[in-house]
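Tertiary structure, described
Listed here are the chains, written in short residue letters.
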Amino acid sequence: MEQWGFVRFMGSISLLVLLFPGPCKGGIQSVRTIHPGFQGSQMTWINYDGLFLISNNSDFAFGFSTTEEDVTRFLLNIVHLGSSKVIWSANRGSPVSNSDNFIFGEDGKVSLQKGEDVVWAADTGGKRVSAIEMLDSGNLVLLGNDTTVLWQSFSHPTNTLISNQDFVDGMKLVSDPNPNNLTHILEIKSGDMILYAGFQTPQPYWSVQKESRIIINQGGENVDVASLRGNSWRFYDGNKVFLSQFIFSDSVDANATWIAVLGSDGFITFYNLDENGSASQKKIPSDPCSRPEPCEAHYVCSGNNVCQCPSGLRTRSNCQTGIVSTCDGSHDSTELVSAGDGLTYFSLVFLPPSSKTNLEGCKSACQSNCSCLAFFFQNSSGNCFQFSNIGSFQNSDAGPSFMAYIKVLSGGGSGSNAGGDGGSKKSFPVVVIIVIATLIAICGLLYVAFRYHRRKKKMPESPLETSEEDNFLETLSGMPIRFSYLPLPPTSSPLGSRLYSSFFKSISGEGTSSGPSDCNSDAYLSSVQLSGPR
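The present account deals with the structure reproduced in this document. Source: prediction; values computed, not measured. (Residues numbered from 1 in each chain as written. Predicted model: local features only at pLDDT ≥ 70, side-chain atom pairs only at ≥ 80, totals over all residues. Heavy atoms only, no water.)

What about the packing of aromatic side chains?
- Here the structure, examined in full by the defined rule, presents 25 aromatic pairs.
- Between Phe375 and Tyr405, the ring centres sit 5.1 Å apart and the planes meet at 5 degrees, which makes this aromatic pair stacked. Here Phe375 is found in strand β31 (residues 374-378), whereas its partner Tyr405 is found in strand β34 (residues 402-409), with 30 residues between them in sequence.
- Grouped by ring-pair contacts, the aromatic residues Phe38, Trp45, Phe52, Phe62, Phe64 and Phe102 constitute a single cluster.
- For Arg234, the ring lying beneath its charged end belongs to Phe242, and the centroid distance is 4.9 Å.
- Above the plane of the ring of Tyr236 lies Lys240, whose end atom (NZ or CZ) is 5.3 Å from the centre. (Phe/Tyr/Trp six-rings, centres within 6.5 Å; stacked < 30°, edge-to-face > 60°. Helix = DSSP H or I, 4+ residues; strand = E, 2+ residues; numbered from the N terminus. Lys NZ or Arg CZ within 6 Å of the ring centre and 35° of its normal.)

Concerning a nonpolar patch on the surface
- Residues Val435, Leu439, Ile442 and Leu446 make up a contiguous nonpolar surface patch of about 380 Å² in total accessible area.
- Structurally, the position occupied by Leu439 is in helix α4 (residues 422-458). (Patch = residues over 30% accessible without salt bridge, like charges linked within 9 Å, V, L, I, M, F, W, Y side chains within 5 Å. Areas by Shrake-Rupley, 256 points an atom, 1.4 Å probe, with all protein chains shown as cover. Salt bridge = Lys/Arg side-chain N within 4 Å of Asp/Glu carboxyl O.)

Observations concerning empty space enclosed by the protein
- This model, assessed by the stated rule, comprises one cavity of 30 Å³ or more.
- Estimates place the volume of the largest cavity at around 40 Å³.
- The wall of the largest cavity is formed by Ile78, Ile87, Trp88, Gly138, Ser153, Phe154, Thr160 and Gln165. (1 Å grid on protein atoms, 1.4 Å probe; cavity = no way out; pocket = protein on both sides within 12 Å on 5 of 7 lines; lining within 4 Å. Points joined across faces, edges and corners; volume = space filled by probe spheres on them.)

Topic: the sheet that holds strand β16 (residues 172-174)
- Reading across from one edge, β16-β17-β18-β19 is the order of the four strands in this open sheet, with antiparallel pairing throughout. Both outer strands of the open sheet, β16 and β19 (203-207), are each paired with one neighbouring strand and no more. Ignoring which end each strand starts from, the neighbouring axes of this sheet average 25 degrees apart.
- In the sheet, β16 pairs with strand β17 (residues 184-189) via three bridges, with the strands oriented antiparallel. (Pairing = 2+ DSSP bridges. Axes fitted to C-alpha atoms, helices over the stretch in contact; angles between N-to-C directions.)

A few points about the sheet that holds strand β11 (residues 131-134)
- Strands sit in the order β2-β11-β12-β13 across an open sheet of four strands; the sheet is antiparallel. With partners counted over all chains shown, the strands left at the sheet margins are β2 (33-34) and β13 (149-152), one partner each.

So, the environment of Ser264
- Along the chain, Ser264 turns up in the loop between β24 (258-262) and β25 (268-272).
- Through-space distance from the C-alpha of Ser264 to that of His184 is 7.0 Å; in sequence the pair is 80 residues apart.
- Sequence-distant contacts of Ser264, defined by excluding residues within four places in its chain, comprise Ser175, Asp176, Pro177, Asn178 and His184. (Contact = heavy atoms within 4.5 Å.)

Points about a negative patch on the surface
- Taken together, the side chains of Asp59, Asp136, Asp253, Asp274 and Glu275 present a region of like negative charge at the surface.
- Mapped onto the elements, Glu275 comes out in the loop between β25 and β26 (278-284). (Lys, Arg positive; Asp, Glu negative; His and termini not counted. Charge placed at Lys NZ, Arg CZ, Asp CG, Glu CD.)

Spelled out as structure tokens, the structure:
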């Protein structure tokens, strides 16, 4: 019997394996290579923290890892195991659940699905993928039938570059969005590597050609390639001729593995993966105030990231202009106010002027352009710069100073130092309406109170009010009965009138009783005798 029980148990296990081969196969962490027919979710490789493909040197792994915001949501990442730094991500902005599948189908297509929807797919130009490899360099490659590279992660960076990864014209690094949903972008274009704010109209704030810390090796050529080598970021022309470098660390280890990460704060930071991801002291840019938003929009950044509202906006609510969009067809009136003296802006040294004119011409051009939210004017050169989006201002300090003007809603604050009284005129009817409504409400309440008081005054008081003590005494037998009375009105006969008058005159006097002695008066006795029983 025991033998038959064992046979039935093994038969059940074999049946499960035949019916559900995928999870059993996917549950094993693969080394270097996977082939078509491979699929699974984060739960499939939960024993390996969701990572299903590891490099030969065990430095890098490909698979699912949690997002920073929500541990129940997952990204398909390449991770450096020693430092836990993410090198590349397939689905930034579209995290999946622990039951959503990575699929390397028999048809050679590679994708990540969220339910029935595809959130990421490798673009191989319609060619069939025969193998996926996780290389020791941290590069994930998709190979064709002839082992040619159809797609590789090094050619599609997200926000990170790693040592020996070539960054070339046409590629972009894009940061995660900051709290104001602003991203920062790095790309090579027009012979320069430029870092800029991802506003609707991009605004540069750093470039290789304007970086003072660059060491020139062979100048005069356009930058076409950038690559991390040892402790420096090296720049080459199209023929891979070494032009210049930016040394970001004092480390002398030429074989160290570094990454450059474009953060949501606008900095490019360098991390040494061989030292558990420790960060270098040098960043790009060097001045924290030269980033697009070291402070909130319209605030002035100075010193070590100290933020202050400019003098022209201090009386306005939260240092804001009140304008959401001036090109939305609304008829709200606007005006230009001076932001203050001694200010500059991070993008001015990278952009050509919008026009050359005088201050009044610059004001007029911005006021007539609905997309212009601010302008900067340099008196010495006549350069006028208009901006449809605005970040943080900078104190000019040693740099050139500009006149800065911001477009605001009229009447949004009392501290504007340019632009008329349209706001006070607009708000005057509102104030009058509020005052009139308040007066009407007060008068109504006073009238209701007066009517209530008058009505209460006219109500007669009950003459027969008795206390609880009186009611109690009446319930006891043998107690004297207490009578109440009202003065009788005078009768219509002359005799009755005289009796009534003489009686009440004798007891009232000045409005008070004259006491018991009055009962012996002749008038009182006569009245009693005359009014006795008939």
